Amino acid sequence: MTPSDRNFQALTGELVVVKQGRGRDLLFTPTGLEVVDRIRSTLSDWLQGIANSRRRLGSTLTVGTTEFTLPFLARVWERVEQELMAREVELKIVHVRTRDFRQRLDSNQVDLLCGGLAAPVGDGPLAPEYDFLE
């Protein structure tokens, strides 16, 4: 039993892992699996919080692009590279499938999307919660 496992057992009365034998991997107990899930969730939340803070501070710009708009984005980069570097803004470009546009925007995984959506002619705004440029 590791010192941290002994400490956890002293605090909670439960084991996190069970030793299986010499040279074999440790086996997580149900409590250990729950601890791992909570740790992963906490770290994920922290990383998302850091990313959100960087966005608010303006130090990161994450642009999502489809495979069809990547060449366009590459041409635009040549025009904005110096400005972003002068402002110490880190540009991240990520691939996004069209069907995932809303989910990526709503979850703050991207700040801007380059791509296309099909919309009927003459209808109102496709998604009023977003700004679109044609």
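Preceding this paragraph is the structure being described.
Read on for a plain summary of the structure. Worth saying up front: this structure is predicted, and the values here are computed from it rather than measured.

1. Quick notes on unusual backbone geometry
Glycine aside, residues mostly have negative phi, and peptide bonds are mostly found in the trans state. Backbone geometry at asparagine 108 places phi at a positive 60 degrees, although glycine is not the residue there. Within the secondary structure layout, asparagine 108 lies in the loop between α4 (101-106) and β5 (112-114).

2. Section: the pairing of strand β4 (residues 90-95)
Sheet analysis places strand β3 (residues 60-65) next to β4, joined by six bridges and oriented parallel. Across the sheet, residue threonine 62 finds its bridge partner in β4, namely lysine 92.

3. Describing helix α1 (residues 3-12)
Within α1, only one of the 10 residues are buried, which leaves the element largely exposed. Backbone geometry just after α1 places glycine 13 at a positive phi near 80 degrees.

4. Section: the sheet that holds β4
Ordered by their spatial adjacency, three strands build an open sheet running β4-β3-β5, and the pairing between neighbours is parallel. Looking at which strands have only one partner, the edges of the open sheet turn out to be β4 and β5. Taking the axes of each pair of neighbouring strands and ignoring which way they run, one obtains an average angle of 25 degrees across the sheet.

Criteria and thresholds
Residues numbered from 1 in each chain as written. Predicted model: local features only at pLDDT ≥ 70, side-chain atom pairs only at ≥ 80, totals over all residues. Heavy atoms only, no water. Helix = DSSP H or I, 4+ residues; strand = E, 2+ residues; numbered from the N terminus. Pairing = 2+ DSSP bridges. Buried < 20%, exposed > 50% of the residue type's maximum accessible area, 1.4 Å probe, protein only. Axes fitted to C-alpha atoms, helices over the stretch in contact; angles between N-to-C directions.

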